[in-house]
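Working through the structure, step by step
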Amino acid sequence: MMFLQYFIWGAWYVTMGTYMGEHFKEDGIDKTIGQAYSALAIATMISPFFVGMIADRFFSAQRIMGLLHLIGAALLFLATKVGDSSTFYWIILFYSLLYMPTIALSNSIAFHQMSDAGKQFPWIRVFGTLGWIAAGLIIGFLKIEPTASTFMIAAGISVALGLFSFMLPNTPPKGKKAGSASSALGTEAFVLFKSKPYLIFFIAAILVCIPLSFYYGWANPLLNELGMNNAAGKMTIGQVAEAAFIIAIPFLFNRIGVKNMLLMGMTAWILRYICFAYGNTDANMWMLYAGIILHGICYDFFFVTGYMYTEKKAGEKIKNAAQGLFTFATYGVGMFIGTLVSGSVVGSYKVGEGHDWKSIWYVPAYIALGVLIYFIFFFKEKRQIRVAGLPENDSAPEV
């Protein structure tokens, strides 16, 4: 289930910008590409209402997930048959509104079958990353990035998962016990803003989604425009790096502190975009690979660490609400702003049939630098230290 769930996403999302640039030769297409990528951000903001108020209350999770994937497959197929970018955008938006709830539903199905989610879920969720990698490798190997075949493959796998969902173990509706939309959005976690360090971090998390959106939307068009062979396949190195670097997080989180980990993540954003600005398929090919590999540090050391920091600050009572709020703010609000900004920036640096990529990548690099400086000067989190001689269950003083 997890493999197919994320295979679908990886099959069309990474190369959508390349596909639109190839098929829609309209003025301002780069801005429209940015808007198309904003569809998932909009869906991220809306899907908690659907899951919290409808799906969890009235339907078995596996059945509604199957229905959403079957309808979604039809929309992915339809997206390949339209001739203008405006209609394409609305189809992608509608599809995103159906797909994003299936992320929460697939998690619910998995958790419902587990006796120890803390130990078992990571080993299940890793198959989602493998699915994303497999999609990129297949598309890159077949050299179909700018073609409609990427959407056709995603549609076919969506049909397969839709049918397979009806055979999954039953996950009954929660009825009145289901969480409300406000709970899913994390409004209960607003109390965290009383902590100045967390508020500073929260603002930084939203702002750093602007440079993040440049990578998600424009890395593949960059690599294809520069002439890199099998760009989609090589971009999966970023997911491999993500899986590798995440192993280091538990060891570093308590040793170097959350601030240093977040600073390392933000510094990696700057280095990544410098690499993309100066990389090429000749002497500086290594810079393109470095920019892809840095995805592991960029994502893990900021967003994964951010989720851990959020849970640590929230405590047991509101940890679910806090994670919902963090997701809504970053992948919803932050990515929505970022996709619109990136589309406008790329469109303003269009040169003939190509782009001035060096000037384009300077923009997210400067934004990341600004967030880094803001974070260095304003984030002052107290660190707890263990004093020698105190029992393990005694509270450590804060410094």
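Residues numbered from 1 in each chain as written. Predicted model: local features only at pLDDT ≥ 70, side-chain atom pairs only at ≥ 80, totals over all residues. Heavy atoms only, no water.

Some details on empty space enclosed by the protein
Counted under the stated rule, the structure contains one cavity of 30 Å³ or more. Lining of the largest cavity is provided by G10, V14, W132, G136, Y215, Y216, A232, M235, T236 and Q239. Of all the secondary structure elements, the ones that give two or more residues to the lining of the largest cavity are α6 (117–142), α9 (196–226) and α10 (231–245). When residues of the lining of the largest cavity are assigned to their parent elements, the largest contribution, four residues, is made by α10. In terms of residue class, the lining of the largest cavity is made up of six nonpolar, four polar and no charged. (1 Å grid on protein atoms, 1.4 Å probe; cavity = no way out; pocket = protein on both sides within 12 Å on 5 of 7 lines; lining within 4 Å. Points joined across faces, edges and corners; volume = space filled by probe spheres on them. Helix = DSSP H or I, 4+ residues; strand = E, 2+ residues; numbered from the N terminus. Nonpolar A, V, L, I, M, F, W, Y, C, P; charged D, E, K, R; others polar.)

Points about unusual backbone geometry
A positive phi angle, close to 55°, is found at K143, a residue other than glycine. Mapped onto the secondary structure, K143 falls in the loop between α6 and α7 (149–165). Backbone geometry places N230, a non-glycine residue, at a positive phi of 60°. In this fold, N230 is placed in the loop between α9 and α10.

Comments concerning the packing of helix α12 (residues 258–278) against helix α14 (residues 295–314)
Interaxial distance between α12 and α14 falls to 8 Å at its minimum, and their mutual angle equals 150°. As far as their axial angle goes, α14 and α12 are roughly antiparallel. For the crossing formed where α12 meets α14, the hand is left-handed. Contacts between α12 and α14 involve V258, M261, L262, M264, G265, M266, A268, W269 and R272 from the former and H295, I297, C298, F301, F302, F303, T305, G306 and Y309 from the latter. (Axes fitted to C-alpha atoms, helices over the stretch in contact; angles between N-to-C directions. Parallel < 35°, antiparallel > 145°, perpendicular 65-115°, else oblique. Left-handed = near helix turned anticlockwise from the far one by under 90°. Contact = heavy atoms within 4.5 Å.)

Observations regarding the environment of I367
One can find I367 in helix α16 (residues 357–378). For I367, a relative accessible area of 23% corresponds to the partly exposed category. I367 sits 159 residues away from V208 along the chain, and the two C-alpha atoms are 7.7 Å apart. Among residues more than four places away in sequence, those in contact with I367 are L207, I210 and P211. (Buried < 20%, exposed > 50% of the residue type's maximum accessible area, 1.4 Å probe, protein only.)

Details of the packing of aromatic side chains
Within the structure shown, the criterion is met by 45 aromatic pairs. Considering the side-chain rings of Y198 and F202, the 6.1 Å spacing of their centres and the 35° angle between planes classify their relative orientation as tilted. Pair noted here: Y198 and F202 are both in helix α9, with a separation of four residues, about one helical turn. You'll find Y198 and F202 in the same group, each marked buried. It is R125 that lies over the ring of Y6; its NZ or CZ is 4.0 Å from the centre. A cation sits over an aromatic face here: R272 above Y215, 3.7 Å from the ring centre. (Phe/Tyr/Trp six-rings, centres within 6.5 Å; stacked < 30°, edge-to-face > 60°. Lys NZ or Arg CZ within 6 Å of the ring centre and 35° of its normal.)

Quick notes on the nonpolar core
W12, F88, F201, M266, W269 and F303 are the most contacted members of the largest nonpolar core, which has 124 residues in total. Per element, the largest residue contribution to this core is 17 residues, and it comes from α9. If near-sequence neighbours (up to four positions away) are discounted, F201 is found in contact with L262, F302, G306, Y309, T310, F326, F375 and F379. (Core = buried A, V, L, I, M, F, W, Y, C linked by side-chain atoms within 4.5 Å.)

Let's talk about a nonpolar patch on the surface
There is a patch of nonpolar side chains on the surface, built from Y366, L369, I373, I376, F377 and F378 and spanning about 630 Å² of accessible area. Mapped onto the secondary structure, I376 falls in helix α16. (Patch = residues over 30% accessible without salt bridge, like charges linked within 9 Å, V, L, I, M, F, W, Y side chains within 5 Å. Areas by Shrake-Rupley, 256 points an atom, 1.4 Å probe, with all protein chains shown as cover. Salt bridge = Lys/Arg side-chain N within 4 Å of Asp/Glu carboxyl O.)

What about the confidence of the model for the chain?
On average, residues of the chain carry a pLDDT of 86, and 89% of them reach 70 or more. Put simply, helix α8 (residues 181–185) is where the chain has its lowest mean pLDDT, 57, and α7 is where it has its highest, 97. (pLDDT = per-residue confidence, 0-100.)

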